[in-house]
Structure formats: structure tokens, C-alpha cells
Amino acid sequence: VRDAPPTARITLPGRDLGVPDGNRSIVVGIEARDDLGIATLTLRAVTVAGSGERFSFREQEIPVVVERLDRMHWRAKATLALAPLGLEPGDMVVYRAVVSDGRPGAVPVESDAWIVEVLSPGSIAAAGFAIDPEQDRYALSQQMVILKTERLLARRGSLSAEAFGDLAAEVAVEQRRVRSEFVFMMGGEVEDGHDHDVSPTELNEVAEAEAEDELAAGRLQNAGRLAILRGIRFMSRADLLLNTASVADALVAERQALVEIEKAFARSRIILRALTQREQLDMTRRLTGVVDGRVGITRPTAAVTPDPKVTATRRLQMAMAALRGDTGTGPGRAAQANALAEASLRLDPGNTALQDVARLLTATSSALLAGRATGGAALLDSASVALNRVVHSTVPRTPGGSTGLEAARLRGAAIDARRRRPEMP
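Counting starts from 1 at the beginning of each chain's written sequence and moves along it residue by residue. The model is predicted, so local features are restricted to residues of pLDDT at least 70 and side-chain atom pairs to those at 80 or more, both for listing and for counting; the totals for chains, interfaces and linings are taken over all residues. Side-chain numbers come from the whole structure's heavy atoms, not from hydrogens or water.

Engineer: Which parts of the structure should I look at to understand helix 9 (residues 373-394)?
Structural biologist: An α-helical turn contains 3.6 residues, so any two residues separated by three or four positions project in the same direction. Look at helix 9: 32 Å from first C-alpha to last across 22 residues, which is about the 32 Å you get at 1.5 Å a residue. Listing the buried residues of helix 9 in full gives Gly376, Ala377, Leu380, Ala383, Ser384, Ala386, Leu387, Val390 and Val391. Against helix 6 (308-325), helix 7 (331-347) and helix 8 (352-369) lie the buried residues of helix 9. Put simply, DSSP marks the helices as runs of H or I at least four residues long and the strands as runs of E at least two long, and each gets a number from the N terminus on. Take the number of residues in a helix, subtract one, and multiply by 1.5 Å to get its expected span. Three exposure classes are used, based on accessible area relative to the maximum for each residue type with a 1.4 Å probe and protein chains only: buried under 20%, partly exposed in between, and exposed over 50%. Residue contacts are defined here by distance: any two heavy atoms, one from each residue, within 4.5 Å place the two residues in contact.

Engineer: When you look at the packing of aromatic side chains in this model, what are you seeing that I'm missing?
Structural biologist: Aromatic ring pairs: the centre-centre distance and the angle between the two ring planes describe each pair. Pairing of aromatic rings covers Phe, Tyr and Trp, the last counted by its six-membered ring, and requires centre-to-centre distances within 6.5 Å; plane angles under 30 degrees mean stacked, over 60 mean edge-to-face, and any other angle means tilted. Evaluation of the coordinates by the stated rule reveals zero aromatic pairs. The criterion is that NZ of a Lys, or CZ of an Arg, lies within 6 Å of the ring centre and within 35 degrees of the ring normal, and then a charge sits over that ring. Between Arg68 and the ring centre of Trp74, over which it is positioned, the NZ or CZ distance is 4.5 Å.

Engineer: Just checking my understanding: could you explain the environment of Glu174 for this structure?
Structural biologist: For Glu174, the location among the structural elements is in helix 2 (residues 161-185). Given a relative accessible area of 17%, Glu174 falls into the buried group.

Engineer: Help me understand the sheet that holds strand 1 (residues 7-12) in this model?
Structural biologist: Pairing between strands is defined by DSSP: at least two bridges between the two strands are required. With respect to topology, four strands assemble into an open sheet ordered 1-3-7-6, the strand pairing being antiparallel. If you trace the sheet from one side to the other, it starts and ends with strand 1 and strand 6 (65-70), each paired once. Pairwise comparison of adjacent strand axes, ignoring direction, gives a mean angle of 20° for this sheet. Two elements, strand 3 (residues 25-33) and strand 7 (residues 73-81), share nine bridges in a ladder whose sense is antiparallel. By the bridge assignment for strand 7, Arg33 is matched with His73. Fitted lines through C-alpha atoms serve as axes, helices being fitted only where they are in contact, and the angles separating the N-to-C directions of these axes extend from 0 to 180 degrees.

Engineer: What exactly am I supposed to notice about the pairing of strand 8 (residues 92-101) here?
Structural biologist: Regular strands place their side chains on alternate faces of the sheet. When you tally the buried positions in strand 8, you get ten out of ten residues, the bulk of the element. Neither face of strand 8 is exposed, since Met92, Val94, Arg96, Val98 and Ser100 on one face and Val93, Tyr95, Ala97, Val99 and Asp101 on the opposite face are all buried. By the bridge criterion, ten bridges tie strand 4 (residues 38-49) to strand 8 in an arrangement that is antiparallel. Bridge pairing links Val46 to Val94 in strand 8. Relative to strand 10 (residues 114-118), strand 8 runs antiparallel, the two sharing four bridges. Residue Val93 lies in a different strand from strand 10, and its bridge partner there is Val116. Across two bridges, the pairing between strand 8 and strand 9 (residues 109-110) is antiparallel. Paired with Val98 across the two strands is Glu110, which belongs to strand 9.

As C-alpha cells, this is what we get:
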């Protein structure tokens with residue numbers, strides 16, 4: 001059975017957060033497990049600042065307090081302080097947990113990453129750092145944003161002003177995500193003018209009002225497009241109001257956006273009209289292609305850093321083999337055996353197997369000083385056998401049977417080579 005990699009999961013807060021300013025501290029909870037034992041657990045954070053093509057990234061390690069429930073299950077807590085990072089509106093912090101087990105050369109495993117974003121009016125949470133593009137795409141709708149806003153208003157009397165503002169900012173994040181879906185459906189942008197000094201993430205209300213005049217005059221007549229643009233405008237207005245904790249006014253704008261969206265998908269719509277005929281698969285063409293050029297997929301393997309302790313153990317093994325090849329007795333050969341005994345103890349003083357190797361090498365040195373070459377050789381052979389057991393225990397096991405991943409890769413590589421060179425056996 002191959003050693004399973006460790007797992008790490010961020011349990012607190014366990015979701016993306018939007019905060020109105022950078023003077024906050026986020027408590028992060030981590031769960032880590034492994035089938036044999038955990039060696040290290042860290043929390044890493046990347047600060048993303050800037051906009052457009054002028055992003056800057058700064059990575060750091062956050063101190064964690066680890067609670068070892070047992071050697072296979074660890075819990076940890078950390079406090080992610082945003083104030084020292086100097087975040088501005090639109091900046092974000094991407095954080096993730098990194099865990100590794102005690103297997104030599106094992107690659108560390110990362111948890112799912114989450115973001116904390118300092119909100120700015122009209123901004124959209126940057127995708128591509130840790131957000132799954134399909135996870136919540138269809139789970140949110142304008143009706144769901146309205147429902148969450150109504151529930152927040154109902155709880156207003158039981159919340160402090162700061163907590164109410166934070167929850168309103170979270171609803172604003174969801175409103176922007178819904179708005180972004182409709183913006184992408186319209187081609188990835190809203191007609192806001194072509195001024196290069198205007199940020200692409202900010203809505204130009206003046207330019208939209210001018211475009212509406214052209215729509216009303218019939219020069220850009222498209223009922224579905226007009227309704228979508230109006231809905232996007234109302235969503236942007238609701239986002240601005242939510243970020244300022246004007247939840248009641250934001251609810252009015254959200255409902256107006258819903259009305260415009262329903263108009264866009266009415267019977268007279270032009271957007272998303274149905275196909276004229278149903279597309280069908282041609283069943284007569286199945287399994288008729290040529291597969292001569294098909295090859296297997298070869299993925300690059302992760303680079304493994306050699307364990308310094310394993311490397312030193314194997315060097316000691318080669319030095320003992322060189323000493324065994326030398327014959328005779330004398331102070332020089334005895335001093336070499338004594339030096340090898342000290343080197344074996346320095347590798348791992350608490351390892352009982354290496355302690356036995358050092359004891360046998362010390363006895364070898366005493367035998368060589370006494371002129372007993374045969375006895376010294378026998379003791380040196382016993383020390384070599386004991387060290388070979390230590391080296392053998394550090395060698396990772398190969399996959400068993402013919403179903404292992406490495407065996408499958410070898411078979412696939414052989415098949416590809418025979419296709420390229422038919423003369424191969």
C-alpha cells in the first residue's frame with residue numbers, strides 16, 4: 001500500500017471574505033491529517049496589490065498555534081492581521097495551509113486557498129487565485145441576492161453597526177458576482193465609453209445615460225439588450241449602496257434589476273433565442289477514426305530533493321566498503337574505523353541501529369590495533385551488514401504488482417515507442 005499524502009483543510013472561516021477596510025484581523029482554523037504521521041504544518045499568505053497589468057505579489061508565512069491531537073491529526077489556529085500589510089481598496093490576501101508528512105523527499109500538500117478582499121465600490125472579486133469558476137456560478141441569482149438582503153434587514157435590530165456593515169459588504173460581493181455573469185454574457189464589457197483614464201472596473205453612469213438616449217431613439221434598438229444593460233446598472237447601484245450599509249435603498253435597486261432581467265428573458269427577447277433545429281449525433285461515424293497518431297499523456301514528475309541524512313548514510317556505506325577493501329592492520333586503518341564509528345553516531349545519535357554500527361566499528365578499531373586482522377575483518381563485515389539494513393529502510397518501496405502507477409507509465413511509454421519505431425521488438 002503506497003503512503004497516502006497528507007490532507008489539509010481550512011475550517012475557519014472556510015469561505016472568501018470581503019471587508020470594507022484593511023484594519024481587520026481574521027482568525028483562521030486548520031485541520032490536518034495523515035495516515036502515518038504529520039511532520040510540519042504552516043499557513044502561507046500572498047498579498048496581491050495593484051490593478052490591470054501592474055500587480056505585485058508578496059508572500060509570507062503566518063505563525064500558527066498547533067494542537068497535536070495525535071501524530072496523525074493536528075489542529076491549528078492563526079490570526080491573519082491585515083493592518084500591517086497596508087492594503088488598499090481592491091487589494092486582497094490569498095491564504096492556504098501547507099502540510100507535509102515524515103516521508104523523505106515527500107512533496108508538501110496545499111489546502112484549498114481562500115481570499116480576503118478589501119472592497120471598493122464597483123469592483124469585482126478577482127478570479128484565478130483560488131475561486132472555483134464553476135462552484136457557485138449557478139448557485140447565485142438576483143432573486144437569491146434579494147432574499148439575502150431581506151433577511152439582513154430583518155436582523156438589523158439584533159446586530160451591531162460594524163457587524164451589519166460587514167454582512168452588507170458580503171451581500172455586495174454576491175451582487176457583483178451576479179452582475180459579472182451578465183456582463184460576460186453581453187460580451188465581457190458594458191458600453192461605458194472609451195476613455196483610457198477610466199478604470200475598466202468602474203461603471204460610467206454618464207456614458208450609460210447617453211447610450212440610453214440612443215437606445216430610446218431606435219438607433220440601437222434591441223429590447224433584450226436594453227433590459228440587460230438596465231439590469232446591470234441597477235446591480236451596480238445596489239452594490240454601491242450595500243458597501244455604504246444603505247441596505248433598504250439597495251433592496252429597491254435589486255428589485256428593479258430583477259424586473260429588467262425578467263424583461264430580457266420574456267417571450268419577445270432576442271438574447272438566448274432557441275436553435276432552429278435540434279443537433280443530433282451521427283451514430284454511423286462512431287469508432288471510425290484513425291488512432292495511429294494517438295499517444296499517451298506524459299506528465300512531468302515533481303522534483304524531489306534528496307534527504308541529507310540518507311545521502312550521508314550512503315556515503316558512510318561507501319567509506320566502509322573502501323576500508324574493507326584495504327588489508328592489513330596498523331594505527332592508520334584502526335583510526336579510519338574509529339572515525340567511521342564517530343560519523344555513524346553523528347548521523348542520528350538516537351537511532352539504535354546506528355548505535356550498533358558504531359559499536360561494531362569501535363570493536364573493529366580495537367581488533368586492528370591489537371593486530372587481529374581476521375577478527376577485525378569479521379567485525380567490519382558485521383558493521384557493513386547492519387548499515388545495509390539502515391540504508392535499505394530508507395529506500396522507498398516500488399509499486400506492487402502490475403497495476404502500479406509507475407508500471408502503467410512504463411507500459412505506456414513502451415507502446416508509444418513501438419508505434420514510432422515498428423522495428424522494435
